Amino acid sequence: MNAGIKPVSAAGLSAIEVVDRQQRFGPNEIKVEAGASRYAVLMRQFTSPLVLMLVAAAGLAAWIGDIIDTVAILLVVLLNGILGFVQEWRAETAIFALRRMLSPVARVRRDGMEQIVPARDLVPGDAVLLEAGDRVPADIRLVYAMALRVDESVLTGESAPLDKSLAEGENRLLMGTSVAAGRAEGVITVTGAETEFGKIAGLTATAGGKITNLQRHLGVLARQMGIAALFLSALVAGLGIFVGRPVIEMVMTGLSLAVAIVPEGLPAVVTVTLALGASAMVRQKALVRRLQAVETLGAASVICTDKTGTLTENKMTATVVRTPDRRYTVTGTGYDPAGHVETEGQRIRAADDAALSALLNAAITCNNARLNRVGSGWEMIGEATEGALVTLAYKGWVPEPDRHRVVLELPFDSDRRRMSVILRDGSGHRLYAKGAPEAILSVSAMIRRGGHDQPMGSEDKAALHDLYEQMAAEGLRVIALATRDLADIPDTPEENLVFLGFVGMIDPPRPEVKAAIAGARAAGIRVIMITGDAPQTAAAIARDLGLAPELVLTGDAVAAMTDDDLAAALEREVLFARTAPGQKLRIVERLQAGGKVVAMTGDGVNDAPALKRADIGVAMGQRGTDVAKDAADLVLLDDNFATIVGAIREGRRQFDNVRKFVRYLLSSNAGEVIAILANILIGGPLVFLATQILWMNLVTDGITAVALGVEKSEAAQMRRPPRRRDEPIVGKAGLLTILAFGLYTGGASLWVFQHFMHQGVDIARTAAFTAMVVFEKTSVFAFRSLRSPCFRIGWFSNPALILAFLAMLGLQVLAVYWPPLQALLHTTPLGWDHWALIALIAAPILLGPELIKVLLPEGPAQPLEENHARP
Ligand code: ATP
């Protein structure tokens, strides 16, 4: 342990100096490239195999002197590229905006007061305070270090944390590294681009986003369909040439058909949908750090959540104080010290009660929280538990301790569950400790009773345990306090302590959490509380929130269990209390081994491994350490459990929407392929020309599909169990739907073609082409919900879709009546009779699926809901 001495007069910079230095040195930030550049995104649109195929087709058309087709194809390429660019750029900027939202803060001392400021505003000379889990915000020279260990793996790749102290060679902290343990204070030497990290940041900034499973699956699907497309196009072209059609015409048809089949745009549409989903989530206070999380969230089947601050408000107020002799109650709420300590109906001050005075002294001295007066209210800086103790001490009127006398701190961590400080006291020293009752009682040998320190017998211990359990069973968070006089500082100072008493504090459940837990259970998602707090406290809060635990396991019990026992326990309604952070990892692994998709919350340094391992690591935006946030996939900006459930709803919506537009796009393509193939077999002129096929696929389909991507979430989405992790996007039912639509629209447009053939092939082809476009646009309504008919979700509830539908029909009208488009697409004007027939055949596409959805059962939603509705 490397003890240090706190700097004596470190008031920090003054506000004026700070402003002056900010002007001189600029903001403390490192410029990072905004993801892919605009230029790169644009180029990507014109270098895909699809576009190359089209350019080849255009080249072919030019070679045979068909200038109109050349222009048409190149226009389609251009239009398609611009549409793709606009969408992808939107996605890029959305993701970049999300990345910038997690702007870090730092604790500094300025004008003699501790404050939390944005890390961006730090200047050289600022006095920074750091503790476990903090990311070092600039390059710093240490002036104080207590048991400090720093993880420098970002810079050096070395994963074991290094000891740091005031010694030469060990006293520099570098920006971007993180505090693994201990506490420190230092002065900033350089900021921003001048830091070591800033100098190499250019190298790391281009790490880039990983692709998600969905993107990968769809990539594979697209590739498979590409191969199928090549095969089919070769078949069509070959057949055509075989029955005597002109070679060039058949090659062009084959190429356009290939373009029609390949769902090239799919991975991009998915990215856009996921990115927009992430933007929607952040509006609900869930910040997605990896796009993959949007998708995985929809499949989450278990949420492991901590209690303090996630299920509860983390606004602690001490309400009860117990010394071995007396019980005190405390009035007032929050961190406003306007309240009193009372006993037997009388207000009491520390000066009048030695036992109370000793306890409150320990509470405020062994403490790193501060209360600042801000306007007419109070602001608490530090941890909630410690803030509540400072507030309590103020209410009991103990004087502020002289912090300069503190010579050593044994910091709190979730494994030790206690903290001590040692200060100079006359010629010797005094230790104050606070922590979880077990953690303090286990190192206490004496008890202060009637003003005297007496040895603590086993009866005393048992009585104190009972007392503590009674307090905890009321849902109180109980902290024990102890002290000890020391001549010198021994190696293990935390032993033979004198027990002073307990403080019980309330931390009310967040009001929205009960409903969120019920919502999660209705959606087939289990909620498991894993807390560092006491079993009785945890169980009382759990019951308040409707969790009804059958089994409460402490960390010690879990440590004694085999993996199989733990797996069996996890099948039941279980609650974990007094858990050490390391055990979270084991719980995640057991759940995953049982096939669960696990979301796990965490806030401390030691939670990072579990957050990384979980399918969705969830860090707290306000309470969480920088290290936990870095390890997480999702950051809750409001630390609220309800936000996780909201994000899961959003994740399910996004996945469903991806599924909807994939099925929609494929069924449109199927119709075209069936019409073209059947027509070749029948013989006779081509049903669609190459440019028409391109028009249908690249200009009109894409936009309608994107509109499907913004379908609202359906109520039924959260009444169904989570999807299996490996559930296919298309699946058997999807394949059937695609085939059914393909057969109908393909068959019908071919029939239209034949039906009007006696009016001339140009009219017939224009009618068939228009019919196909109308059918495809109409069928989009069937894909708006995978289960509910439109009249139930509301015909007009997706304005983007209505707009896209009308705009695309309008475009088709232009294609038929506007001379320039007529020329490009080889169309002739249609009459009312053509439109009427097309409308008539389109009607069943609108109404048929509605009828089928009404007749088909809604799936497993009901039984599940009933299961969980019962208490
Ligand atoms: P959760 O795991 O749900 O966030 P928690 O805050 O109780 O709950 P920890 O932070 O691991 O979990 O704390 C464990 C226990 O340590 C607490 O129940 C409390 O008794 C004690 N404790 C918490 N904060 C401090 C502190 N600053 N100093 C001393 N003891 C503390």
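These numbers come from a predicted model, not from an experiment.

Taken together, 19 residues sit near the ligand, with K307, T308, R477, T531 and G532 positioned nearest. Take K307: an N or O atom from its main chain is 2.7 Å from an oxygen atom of the ligand. The side chain of T308 places a nitrogen or oxygen atom 2.9 Å from an oxygen atom of the ligand. When the ligand is considered free in solution it has 600 Å² of accessible area, and contact with the protein chains removes 92% of it. At the level of elements, α12 (384–395), β18 (428–435) and β21 (477–486) are the ones that each hand at least two residues to the shell around the ligand. The element contributing the most residues to the shell around the ligand is β21, with three residues. Classifying every residue of the shell around the ligand by side-chain character gives four nonpolar, six polar and nine charged.

This part is about the packing of aromatic side chains. Within the structure shown, the criterion is met by seven aromatic pairs. Between F499 and F502 the ring centres are 5.1 Å apart and the planes differ by 70°, which places this aromatic pair in the edge-to-face class. F499 gets classed as buried once you look at its relative accessible area, which sits at 1%. Here the basic side chain of R349 rests over the ring of W397, its NZ or CZ set 3.9 Å away from the ring centre.

Here we come to the sheet that holds strand β28 (residues 634–636). The strand order across the open sheet formed by six strands is β8-β28-β27-β26-β9-β23, and the pairing between neighbours is mixed. Lying at the two open borders of the sheet, with one neighbouring strand each, are β8 (286–288) and β23 (526–529). Strand-to-strand twist across the sheet, computed as the mean angle between neighbouring axes with direction ignored, equals 20°. Contacts between helix α22 (residues 641–682) and the sheet are confined to β8, β9 (302–305), β23, β26 (598–602), β27 (616–620) and β28, with β9 contributing the most and set at about 160° to the helix.

Turning next to helix α14 (residues 458–473). Over its 16 residues, α14 runs 22 Å from end to end, which matches the ideal 22 Å to within 8%, given 1.5 Å per residue. At the C-terminal side of α14, G475 shows a positive phi close to 90°.

A separate point is the pairing of strand β4 (residues 139–151). Judged from the ten bridges that link them, β4 and strand β7 (residues 178–190) form a sheet pairing that is antiparallel. Within β7, the residue paired with D151 across the bridge is S178. Taken together, the two bridges between β4 and strand β6 (residues 172–173) define a ladder with antiparallel strand orientation. Among the inter-strand pairings, I140 is bridged to a residue of β6, identified as L173.

With a phi close to 50°, E344 is a non-glycine residue in the positive phi region. Mapped onto the fold, E344 is located in the loop between β12 (341–343) and β13 (346–348). By relative accessible area, which is 67% here, E344 ends up exposed. The phi angle at R417 is positive, at roughly 60°, despite the residue not being glycine. By secondary structure assignment, the location of R417 is in the loop between β16 (406–410) and β17 (418–425).

Time to look at the packing of α22 against helix α25 (residues 761–779). For the pair α22 and α25, the least separation of the axes is 10 Å and the interaxial angle reads 155°. Judged by the inter-axis angle, α22 sits roughly antiparallel to α25. The hand of the α22/α25 crossing is right-handed. Here Y664, S668, G671 and E672 of α22 lie close against α25, whose contacting residues are M772, E776, K777 and S779. Residues of the contact of α22 with α25, tallied by class, amount to two nonpolar, three polar and three charged.

Quick look at the environment of L276 now. When you line up the elements, L276 lands in helix α9 (residues 266–283). For the pair formed by L276 and I95, sequence separation is 181 residues and the distance between their alpha carbons is 8.6 Å.

Here is what the cut-offs are and how they apply
- Residues numbered from 1 in each chain as written.
- Predicted model: local features only at pLDDT ≥ 70, side-chain atom pairs only at ≥ 80, totals over all residues.
- Heavy atoms only, no water.
- Near = heavy atom within 4 Å.
- Polar contact = N/O pair within 3.5 Å; in protein donor to acceptor, adjacent residues only side chain to side chain.
- Areas by Shrake-Rupley, 256 points an atom, 1.4 Å probe, with all protein chains shown as cover.
- Helix = DSSP H or I, 4+ residues; strand = E, 2+ residues; numbered from the N terminus.
- Nonpolar A, V, L, I, M, F, W, Y, C, P; charged D, E, K, R; others polar.
- Phe/Tyr/Trp six-rings, centres within 6.5 Å; stacked < 30°, edge-to-face > 60°.
- Buried < 20%, exposed > 50% of the residue type's maximum accessible area, 1.4 Å probe, protein only.
- Lys NZ or Arg CZ within 6 Å of the ring centre and 35° of its normal.
- Pairing = 2+ DSSP bridges.
- Axes fitted to C-alpha atoms, helices over the stretch in contact; angles between N-to-C directions.
- Contact = heavy atoms within 4.5 Å.
- Expected span 1.5 Å × (residues − 1).
- Parallel < 35°, antiparallel > 145°, perpendicular 65-115°, else oblique.
- Left-handed = near helix turned anticlockwise from the far one by under 90°.

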